[in-house]
Amino acid sequence: MVQIIQDFIPKGRRNRPGYAMSPKYITIHDTANTQAGADAKAHARYLKSNAAAAIPASWHFTVDDRVIVQHLPLNENGWHAGDGSTGTGNRESIGIEICENRDGVRTEAEKNAAWLVAKLLKDHGLSIDRVRQHYDWSGKNCPRVLRGRKGGWQGFLAAVEAHLKTEAEITRPIGIYVDGKKADEVGYLIDNATYVRASYLIALIGGSVTGHGDHIKITLPPKADPAEIAKLKAEINGLKAMTAALEAKIENARIALS
Ligand SMILES: [Zn+2]
């Protein structure tokens, strides 16, 4: 896991257009900035500058060898794909820039980016074929480092795939509500499936879970016998009829007395 710092471009800036987006793709870029210090935080400062607003240029994440900075919420678009104001790259893809600063460790930045891409694919229920190069949208030679290195792009995708295949990572904890009240118990969203402790859920309906290791045994609460229910219903109806009869008698007595 890599730390993700949220440092959003302020609302109203020309490079925060704010068009609603439901991410369908992830677009990979290289920053093309080899200067020392041109790390993720430096790019966050750049995106909040007038220079970036004037272009306008923006993307969702910059990844260096230590941290990830997020510049836009994921339900808003950025201007990074070069395919126009209505282009699929600009309007439906999450833009990720991988740093090239010469004082950073590029291999670590790529590893962090692969982790982020895998996390985003899981979070949005997307498959790996939705990972695109900037080049795919506009023909620009970007991500230039991954494209320029023999097997670079395939190696990056393989690293993403490896994260997708490793043991499930918890996407986020989920609150559990019982009859409208929040329970102390917590569930988890993992790879878009919800997980809740079985013993907790079964106990809610009066059953129990025993065993551990390679098997568990679930004991459900005793089922109600339909014949028994019918008998109880008949008894209740009988009592209702009796109550009605008694009420009528009382009413009659009251009339007689008055
Ligand atoms: Zn690019």
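Everything numeric here is computed off the predicted structure, so don't read it as measured data. (Residues numbered from 1 in each chain as written. Predicted model: local features only at pLDDT ≥ 70, side-chain atom pairs only at ≥ 80, totals over all residues.)

Q: Kindly report on the overall build of the protein, identifying the contributing residues and their values.
A: Each helix and strand in the protein was counted, giving nine helices and eleven strands. In terms of overall dimensions, the protein is more spread out than a globule: its C-alpha atoms have a radius of gyration of 30 Å, far above the 18 Å expected for 258 residues. Projected onto the principal axes, the alpha-carbon positions of the protein cover approximately 105 × 55 × 30 Å. When burial is assessed residue by residue, the protein has 26% of its 258 residues classed as buried. Long-range pairs, those at least 24 residues apart, make up 63% of the contacts in the protein with a sequence separation of at least 6. (Helix = DSSP H or I, 4+ residues; strand = E, 2+ residues; numbered from the N terminus. Rg over C-alpha atoms; globule rule 2.2 N^0.38 Å. Buried ≥ 20, exposed ≤ 12 C-beta atoms within 10 Å, placed from the backbone. Contact = placed C-beta atoms within 7 Å.)

Q: Give a detailed account of the domain arrangement of the protein, specifying residues and quantitative values.
A: When the domains of the protein are assigned, the result is domain 1 (4–165), domain 2 (170–219) and domain 3 (225–258). The gap between the C-alpha centroids of domain 1 and domain 3 is 74 Å. (Domains from an automatic or database assignment.)

Q: Which residues make up the sheet that holds strand β6 (residues 131–133), and what values go with them?
A: One open sheet holds the six strands; their spatial order is β1-β4-β3-β5-β2-β6, and the pairing between them is mixed. Strands with a single pairing partner mark the edges of an open sheet, and in this sheet they are β1 (4–6) and β6. Across this sheet, the average inter-strand angle for adjacent strands is 25 degrees, counted without regard to direction. Note that strand β2 (residues 25–30) and strand β5 (residues 93–98) share six bridges and pair parallel. Bridge pairing in β5 links Thr27 to Gly95. (Pairing = 2+ DSSP bridges. Axes fitted to C-alpha atoms, helices over the stretch in contact; angles between N-to-C directions.)

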